[in-house]
Amino acid sequence: MGRTGVKMPSFCLNRIRPHVRVRSPPVQTQNDAKTDQKNENSGDVIKPVKPIGRKIMIVVDSSMEAKGALQWALTHTVQSHDMVILLHVTKPSNPAVFVAGEVTSKKIAPKVSEFLESMKNMCQQKRPEVNIEVAVAEGKEKGPTIVEEAKKQGVAMLVLGQRKQSVTWRLLMTWAGNRAGGGGVVEYCIQNSSCMAIGVRRKSKKIGGYLISTKRHKDFWLLA
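Residues numbered from 1 in each chain as written. Predicted model: local features only at pLDDT ≥ 70, side-chain atom pairs only at ≥ 80, totals over all residues. Heavy atoms only, no water.

## Concerning the overall build of the protein chain
Looking only at helices and strands, the protein chain has six helices and nine strands in total. The contacts of the protein chain with a sequence gap of at least 6 include a subset with a gap of at least 24, amounting to 69%. (Helix = DSSP H or I, 4+ residues; strand = E, 2+ residues; numbered from the N terminus. Contact = heavy atoms within 4.5 Å.)

Okay, structure coming up:
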């Protein structure tokens with residue numbers, strides 16, 4: 001007498017999608033082994049190619065927005081082989097010269113020099129493997145000065161801290177357009193920089209994350 005079994009529901013492995021793809025290490029073939037042995041015997045040393053790093057400029061000042069943007073850049077954007085340039089903008093009454101990563105000027109305010117040094121030390125403690133430099137630029141208008149300095153330094157990315165603006169302020173800036181710096185310093189840099197410019201603002205302490213603004217995105221919420 002035949003035995004009647006209970007049919008179980010089918011289970012398809014294709015429906016499970018792994019969130020992380022793990023690549024297996026490359027398998028060394030016999031020809032590759034012979035080539036490596038030949039290079040060792042000939043005395044030729046093959047050095048690994050060092051990746052070319054980017055220049056990332058971060059505008060710094062004493063505001064909480066600028067410090068938040070700096071923290072975001074160090075944790076989310078900067079890689080170990082990049083160079084970080086901390087830019088501080090001053091009025092024309094305090095000229096400074098940027099030479100070999102150091103600020104040199106007899107007229108520069110001691111507070112500015114101490115502030116930049118503390119910012120540099122903080123970055124080196126957080127990311128000791130990254131090359132940190134400081135720069136001071138002078139200009140009557142902050143937006144054009146930042147854009148010009150970023151172009152002069154040949155940076156690949158510009159990061160700025162962005163403040164939360166009221167609805168009334170946004171309406172006024174929309175009405176003003178780009179006249180007389182309408183839209184603020186961050187918006188000016190985003191629209192006029194030759195490199196990628198990013199405005200960064202913390203969402204809130206309760207929700208967390210950051211709001212990111214670029215040419216293509218406005219207040220994009222990055223939960224991290």
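## A look at the pairing of strand 7 (residues 196–202)
Among the seven residues of strand 7, five are classified as buried, and the element is accordingly described as predominantly covered. Here strand 6 (residues 157–161) pairs with strand 7 via five bridges, running parallel. Note on strand 7: the bridge partner recorded for valine 159 is isoleucine 198. Pairing geometry for strand 7 and strand 8 (residues 210–213), over four bridges, is antiparallel. Directly across from arginine 202, in strand 8, lies its bridge partner tyrosine 210. (Buried < 20%, exposed > 50% of the residue type's maximum accessible area, 1.4 Å probe, protein only. Pairing = 2+ DSSP bridges.)

## What about the pairing of strand 2 (residues 83–90)?
With respect to burial, strand 2 is a largely interior element, seven of its eight residues being buried. With five bridges joining them, strand 1 (residues 55–59) and strand 2 adopt parallel strand pairing. Considered in strand 2, the bridge of lysine 55 is made with methionine 83. Of the strand pairs in this sheet, strand 2 and strand 5 (residues 131–138) are connected by eight bridges, and their pairing is parallel. Within strand 5, the residue paired with isoleucine 85 across the bridge is glutamate 133.

## Here we look at the nonpolar core
If you look at the biggest cluster of nonpolar residues, it comprises 26 residues, and the most contacted ones within it are Ile58, Leu70, Trp72, Leu86, Val159 and Val200. Look past the residues within four positions of valine 159 in its chain and what remains in contact with it is Ile56, Met57, Ile58, Val59, Ala69, Trp72, Ala73, Ile198 and Val200. (Core = buried A, V, L, I, M, F, W, Y, C linked by side-chain atoms within 4.5 Å.)

## Quick look at the packing of helix 2 (residues 64–76) against helix 3 (residues 110–126)
Running from N to C, helix 2 and helix 3 cross one another at 30°; their axes reach a closest spacing of 11 Å. Here helix 2 is positioned roughly parallel relative to helix 3, judged by the angle of their axes. Judged by the twist between their axes, the crossing of helix 2 over helix 3 is right-handed. The residues of helix 3 that touch helix 2, namely those facing Leu70, Gln71, Leu74 and Thr75, are Met119, Met122, Cys123 and Lys126. (Axes fitted to C-alpha atoms, helices over the stretch in contact; angles between N-to-C directions. Parallel < 35°, antiparallel > 145°, perpendicular 65-115°, else oblique. Left-handed = near helix turned anticlockwise from the far one by under 90°.)

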